[in-house]
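Examining the three-dimensional arrangement
Here's the letter readout for the chains.
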Amino acid sequence: MAIPVEEAIAALSTFSLEDEQAEVQGAGVLVSSERGATSSPIEYTDVSAYRLSLSEDTKALNQLNGLIQEGKEMASVLYTYRSCVKALPQLPESMKQSQADLYLETYQVLDLEMSRLREIQRWQASAASKLAADMQRFSRPERRINGPTITHLWSMLKLLDVLVQLDHLKNAKASIPNDFSWYKRTFTQVSVQWQDIDSIREELDDLQIFLSTSVEDILQVLIVFAIESLELDFALLFPERHILLRVLPVLVVLATSSEKDMSFWNINTLLSDGGDNERHYLIVNHIGTIRAEHDDFTIRFASSLNQLLLLKSIDGADVDWCKEVKGNMYDMVVEGFQLLSRWTARIWEQCAWKFSHPCKDAIPSESNGTSESFFDYEKVVRYNYNSEERKALVELVSYIKSVGSLMHRCDTLVADALWETIHAEVQDFVQNTLATMLKTTFRKKKDLSRILSDMRTLSADWMANTNKPESYLQSHGGDESKGNFFYPRPVAPTATQTGNSLRASHYSADPLDIMYKGLSDTNSERAVDIVHCLQFLIYEVVSGGNLRKPGGLFGNSGSEIPVNDLKQLETTFYKLGFFLHILDYSATVATLTDLGFLWFREFYLESSRVIQFPIECSLPWMLVDHVLESHNAGLLESVLMPFDIYNDSAQQALAALRQRFLYDEIEAEVDHCFDLFVSKLCEIIFTYYKSWAASELLDASFLFASDNGEKYCVQPMRFTALFKMTRVKLLGRTIDLRRLVSERMNKVFRDNLEFLFDRFESQDLCAVVELEKLVEILKHAHGLLSKDLSIDSFSLMLNEMQENLSLVSFSSRLATQIWSEMQSDFLPNFILCNTTQRFVRSSRVPLVPMQKPSVPYAKPNFYCGTQDLNSAHQSFARLHSGFFGIPHMFSIVRLLGSRSLPWLIRALLDHISNKVTMLEPMITGLQEALPKSIGLLPFDGGVTGCMRVVKENLNWGTKSELKAEVFRGIKEIGSVLYWMGLLDIVLREVDTMHFMQTAPWLGLYPGADGEILHSQDGGDSPIVNLFKSATAAVMSNPGCPNPTSFYTMSKQAEAADLLYKANMNTGNVLEYALAFTNAALDKYCCKWSAAPKTGFIDITTSKDFYRIYSGLQIGHLEDSVKVSSNFEVLGDSVAWGGCTIIYLLGQQLHFELLDFSYQVLNVAEVEAGLLTQAHKNPHVAQGSGSAASTVLTFSMFELINLAVIFFCKGWETLLEAMKKARRLNNHVFSMLKARCPLEDKIACAIKQSGAPLHRVKFENTVSAFETLPQKGA
């Protein structure tokens, strides 16, 4: 069934087309179905119907207006004229025979351009003759009542202004005479072949005279009107005032040259600049006053607009209040026009001042050339505006555009109020004021009475006062002396309404029908006819046809009109001049807000001999760039206002100048400027939010301790208005700035991540803390910006940059880089300090120097935003740049996450397996180099004897390179295992934090033995119960619109409960790594841990791994004592690697019993005990002289001598190193027993393929003490 139209309209009216976009641009072209003000035509075709003897004047007025329009087109031709000669080709010497053809082609091209100059010449002659004829006609003594009208005077002044402009343009454009000289030269060459050339030559001579002379044949009578209009501010619009200022000097010169009396013309004040010219013309000196005017006007205009809206929402409002509200609205519109006119005129005058006073100071240091290498246009624009002047100009442009946009948006809203006010003003004047004057002042003056009667006949709306409301009559008591009452009608005072009103008085029709008929017949385009005639009639009444009346038009000097009547006529006279602009509301606003002249630079292009200037010289872009570079939060919202200058200039290029090439140049500059604008704006936005994030993430204690903490604070800036701009009007296009900024910000964030990864790839693994901090700052900046702008999620960007988007991809760019860095630099070149739990870089130069890319360069905003914040965060990063420890492991865990971390763990475990495989032939080589039998070290030889025996048995001198490779392999295995231990510590802390956050929602709590217990006894968890109860409550409510969504959330809560509970029991990374290493050692267990043939421990002939490592260890300890830097190559990782392999092979007890260094320490302990005993009992044999006592005394002194020899040889350093190694080995074994116990435990082994092998029972190694012979056996 079809929906009724009324319901459809009512439904559509509920939709709002408004958005949150702020008004930070000038007015655009609107499409509206409501009635608004319209433009006025030029022609005056219906004046003859008024029977006022103005037909001759109107005909001349139409001719003048036609000439003015043609003259503006001619001025456009001259202003946009560019030399054609520059584009003409030059023939080389080899083609001189084609010179005649080139001349002919050149003549044909230039002849088209010269034809336009001929048209200008003919127009100038006709315009000058028309002006002369009109002034002669108006200067006749007998002409008194029939003109000229005020409109006619304005038209003559405008025509004179066009003549002056054309004359100036013709003389200023050097390309015109240049092209003409070429044209004459080519004419001389090609005219040889022509028959009749006399007429063409005569035309050329006339054109040459036109180009070399100036137009000064101007009528003098207009000077009175020009001076009076300037003195009384009769010109509402600034172009009209500038017309008067341009033509008045010409009129003064003409009047002076004709020896006329100029004593009563007060032109010095009007044309003088005052004492301080620069202060008068520069906007920066007036911006405070302008700012106050803007604020005051916008407040009062908004208040008047609200009153008008309130009035329209009330039915049957009081008539007097309605008149007051609408009259106030009219006054505010007039005041707004005056403000816009005054502000725009200030910009014009400042530009004129700058053009006439180019920059004379030194060229700024940003340029490398000399002052002679710069264009004149740069000296008058680019370097002629300082920072304060640019700021003031941006503010004024913003005020003009914002006020213009404010008035333009309410065009249709205020149209009825304006028309009704104008209608009331005119009707009050013609029906009340003129009626009183006819009865009193002009009763006996027939000529003036006739004029006043004509005014009433012309303008009175008699239909409006046919019926008076009873309420009005009762309130006024029927007193007719207070004037006629007329209905307020929102129509302009037009001739059509007058005709309809007169005709309506002869018909008996409904008054309401007549009113609608008058409204429907309204043609405001004819309002100018009424105003034109009324102004003429008032002018004639007051002046009596005397155009040079002393004291001015309303000076009352010798006038027979009373002062009060004269004042009323004067007020009405000037209001009539404003009516035309009020009725032409939209066109007036467009004219007053047109700032397109700020872009045009044709004169300087001509003088500089260039095609176009760079955009750095363009004033609109200079203003935009100043706003961006100044970082002024107050100006930032006005950054789009200067782009309206491009809109205005493009409109002038197409509509006024009618030159497509100018529009193409503007369009090309706008495209380039807007790209630069978006790029710079995004950079500023990114820098601001990056600095904001870095400032918030800065350590509070650092800020407290800093002497100048304010420099780390970020001043707030307002980007919200720009983020809401989805309809930026630019050259007829609508641009979504929000989308462009979002796209650019997505790219900037990705570029920043790319830079951070590139920077990390050029550094070692210790830089991972700095990387994590910079990524955290970038993520926080993304979060702050995401509140105002729709951009891609940070996780998506991070995955894209890490090349980790695929569902089956478990590695990432960062994980790959970490693994590559560990494989090529960290494991070979870093050594472990077990005491500090840190890896530090070895001071020894690596065997193979690392080839890394250079650190990429980037602006400060790719780090932390500003230089100060960069320095602050760099100070923290330097604290972690010299080592690798727990903080770095936290950073790796947070950066890689649960997706890429397992891949890195598996890569490291595979590295262990590869190293074990690589060590197998090397260990075999060392086993073969061992002697067949190595017994226990003898105690009778002391430490020296023990070390001598070790050197004799471990004759690996030819295997030095092999020993070094084995050491490096064991060191890397130990480094990986310790790295896994650090990772396990970090993961346990992370898991604990995760458990503390999720356990209350899942109903879990830790038990006494560390196990996880459930508090529900088989029931649902608290989060599931919460959602189930909420879903049940919502679904039981019949008013719930969509209960299905709550049911879905309840099911999702159950799924989340299962998922989180399944991930609670996480594994142990170190235990997994030990199991994997044990599986890798299984295939070499028979070679490195051979079972004794006799069933007893093999002490002398064993070549198991523990024996190889024991020999390597004592040799390494001895070398490290001799060369202190030798320890800095291996560190404590060797102990972790060697002891882990020994432990997993079940050789711990064998190693502790038979290790060479342990045996040496035992011998040293015995020697030290004997030495101590000898010192305690020096008199043990002094009392007897037996042989036994002599032997004991000799033995004591022998021991003392041995001790002296022992300490003199420096064994104490080696013994101290052995003790340290034993303590470290015991620590490693205790850690391994705690994490991977082998006795009576069922463990989980890992196959070589990575698959787990469940319930594998590790065989216990037979204790060496149990295999030793027992007492009593």
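Residues numbered from 1 in each chain as written. Predicted model: local features only at pLDDT ≥ 70, side-chain atom pairs only at ≥ 80, totals over all residues. Heavy atoms only, no water.

Per an unreviewed UniProt entry, the protein goes by CYRIA/CYRIB Rac1 binding domain-containing protein and derives from Salix dunnii.

Bridge count between strand 3 (residues 830-833) and strand 4 (residues 838-841): four bridges; the pairing is antiparallel. Following the sheet pairing, Ile831 is matched in strand 4 by Val840. Counting the residues in the hairpin turn of strand 3 and strand 4 gives four residues, including Gln837, whose phi is positive at 60°. (Pairing = 2+ DSSP bridges. Helix = DSSP H or I, 4+ residues; strand = E, 2+ residues; numbered from the N terminus.)

Within the largest apolar cluster, 285 residues are counted, with the highest numbers of intra-cluster contacts made by Ile347 and Phe677. With 18 residues, the single largest contributor to this core is helix 35 (residues 886-929). Apart from residues lying up to four places away in sequence, Phe677 is in contact with Trp621, Val624, Leu628, Val639, Leu640, Phe643 and Leu737. (Core = buried A, V, L, I, M, F, W, Y, C linked by side-chain atoms within 4.5 Å. Buried < 20%, exposed > 50% of the residue type's maximum accessible area, 1.4 Å probe, protein only. Contact = heavy atoms within 4.5 Å.)

Right, let's get into helix 24 (residues 619-630). The end-to-end C-alpha distance of helix 24 is 16 Å, a good match for the 16 Å that 12 residues give at a rise of 1.5 Å each. Looking only at helix 24, the buried set comprises Leu619, Pro620, Trp621, Met622, Leu623, Val624, Asp625, His626, Val627 and Leu628. Buried residues belonging to helix 24 abut helix 13 (376-382), helix 14 (387-409), helix 25 (633-636), helix 26 (643-656) and helix 27 (660-696). Note on helix 24: the residue one or two positions beyond its end, His631, has a positive phi of about 55°. (Expected span 1.5 Å × (residues − 1).)

What follows is about the packing of aromatic side chains. Per the counting criterion, the structure on display carries 41 aromatic pairs. Considering the side-chain rings of Phe674 and Phe677, the 5.5 Å spacing of their centres and the 50° angle between planes classify their relative orientation as tilted. In this pair, Phe674 and Phe677 both sit in helix 27, three residues apart, roughly one turn of the helix. Residues Phe674 and Phe677 agree in their burial class; the two are buried. Judged by centre distance (5.8 Å) and plane angle (40°), the rings of Tyr689 and Trp692 are tilted. Of this pair, Tyr689 and Trp692 both sit in helix 27, three residues apart, which is roughly one turn of the helix. We classify Trp692 as partly exposed; its relative accessible area is 30%. The ring of Phe883 carries Arg838 above its face, with NZ or CZ at 3.7 Å from the centroid. (Phe/Tyr/Trp six-rings, centres within 6.5 Å; stacked < 30°, edge-to-face > 60°. Lys NZ or Arg CZ within 6 Å of the ring centre and 35° of its normal.)

What follows concerns helix 39 (residues 1043-1062). The terminal C-alpha atoms of helix 39 lie 30 Å apart, and with 20 residues this matches the ideal 28 Å at 1.5 Å per residue to within 8%. Among all positions in helix 39, only Ser1050, Ala1053 and Asp1057 are buried. The buried residues of helix 39 all sit within an arc of 55° when viewed along its axis, so they share a single face. Residues of helix 39 that are exposed and angled more than 90 degrees away from the buried face: Thr1044, Gln1052, Leu1058, Leu1059 and Ala1062. Of the surrounding secondary structure, the elements contacted by the buried residues of helix 39 are helix 37 (960-1002) and helix 38 (1022-1036). (Arc of directions from axis to C-beta.)

The full count for this structure, using the stated rule, is 34 salt bridges. Across the pair Glu629 and Lys680 runs a salt bridge, and its minimum N-O distance is 3.1 Å. Of this pair, Glu629 sits in helix 24 while Lys680 sits in helix 27; the two residues are 51 residues apart in sequence, bridging distant segments of the chain. Between Glu1054 and Lys1028 there is a salt bridge, and its shortest N-O distance comes to 3.7 Å. (Salt bridge = Lys/Arg side-chain N within 4 Å of Asp/Glu carboxyl O.)

Turning to the environment of Lys779, a few remarks are in order. In this fold, Lys779 is placed in helix 31 (residues 768-786). The spacing of Lys779 and Ser795 is 16 residues in sequence and 9.0 Å in space, taken between C-alpha atoms.

In this section: the side chain of Arg601. Along the chain, Arg601 falls in the loop between helix 22 (585-592) and helix 23 (602-608). Despite its burial, Arg601 pairs with no opposite charge; the closest candidate is Glu669, at 4.0 Å N-O. A polar side-chain atom of Arg601 sits 2.4 Å from the main-chain carbonyl oxygen of Trp599. At a separation of 2.7 Å, a polar atom in the side chain of Arg601 contacts the side chain of Gln612. Excluding residues within four positions of it along the chain, Arg601 makes contact with Tyr79, Tyr377, Gln612, Phe613, Ser618 and Glu669. (Lys, Arg positive; Asp, Glu negative; His and termini not counted. Polar contact = N/O pair within 3.5 Å; in protein donor to acceptor, adjacent residues only side chain to side chain.)

Let us look at a nonpolar patch on the surface. A cluster of nonpolar side chains, contributed by Phe939, Val1166 and Leu1170, occupies part of the molecular surface with about 260 Å² of accessible area. Tracing the sequence through the fold places Leu1170 in helix 46 (residues 1156-1176). Look at Leu1170 and you get partly exposed, because its relative accessible area is 35%. (Patch = residues over 30% accessible without salt bridge, like charges linked within 9 Å, V, L, I, M, F, W, Y side chains within 5 Å. Areas by Shrake-Rupley, 256 points an atom, 1.4 Å probe, with all protein chains shown as cover.)

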